[in-house]
Amino acid sequence: FAAIDLEGYVSGPLAPNLGARLALQHERMDDWQQSYTSGAENGEVDFTNARLILDWRPSSNFNLGLNVNGWSDRSDVQAGQLIEITPAIAPLVGFVPGLGT
């Protein structure tokens, strides 16, 4: 399904008393569901999340941390799936092609 899962981070000092870490993740996958009746496709995954951490230490007695997180999910929701049909009037099954199978 052409699945891709990328992750990475970069970390290090920005100034003598300021450190940072940036982490990213991206997941991507093509459709994996197909409707037998309409031909429509569903199930595409397109998810990205990120985190930024800043750590400021101006003195040995003071430490300030900032943690910012975010995500974007543009994935398809999973389609409902028909499990079983039990007709109330069994002889009518023949009037709907494919209903009995």
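A complete count under the given rule lists two aromatic pairs for this structure. Taking the centre distance of 6.0 Å and the plane angle of 85° together, the rings of Trp-56 and Phe-62 count as edge-to-face. With a relative accessible area of 40%, Trp-56 lands in the partly exposed category. According to the relative accessible area criterion, Phe-62 is partly exposed, its value standing at 39%.

So, on to the environment of Asn-67. Among the structural elements, Asn-67 can be located in strand 6 (residues 62-73). When its relative accessible area of 46% is taken as the criterion, Asn-67 is described as partly exposed. Asn-67 has contacts with Arg-51, Leu-52 and Ile-53, leaving out every residue within four places of it along the chain. Of note is the side chain of Asn-67, whose polar atom sits 3.0 Å from the side chain of Asn-69.

Conventions we followed
Residues numbered from 1 in each chain as written. Predicted model: local features only at pLDDT ≥ 70, side-chain atom pairs only at ≥ 80, totals over all residues. Heavy atoms only, no water. Phe/Tyr/Trp six-rings, centres within 6.5 Å; stacked < 30°, edge-to-face > 60°. Buried < 20%, exposed > 50% of the residue type's maximum accessible area, 1.4 Å probe, protein only. Helix = DSSP H or I, 4+ residues; strand = E, 2+ residues; numbered from the N terminus. Contact = heavy atoms within 4.5 Å. Polar contact = N/O pair within 3.5 Å; in protein donor to acceptor, adjacent residues only side chain to side chain.

These figures capture arrangement, not role.
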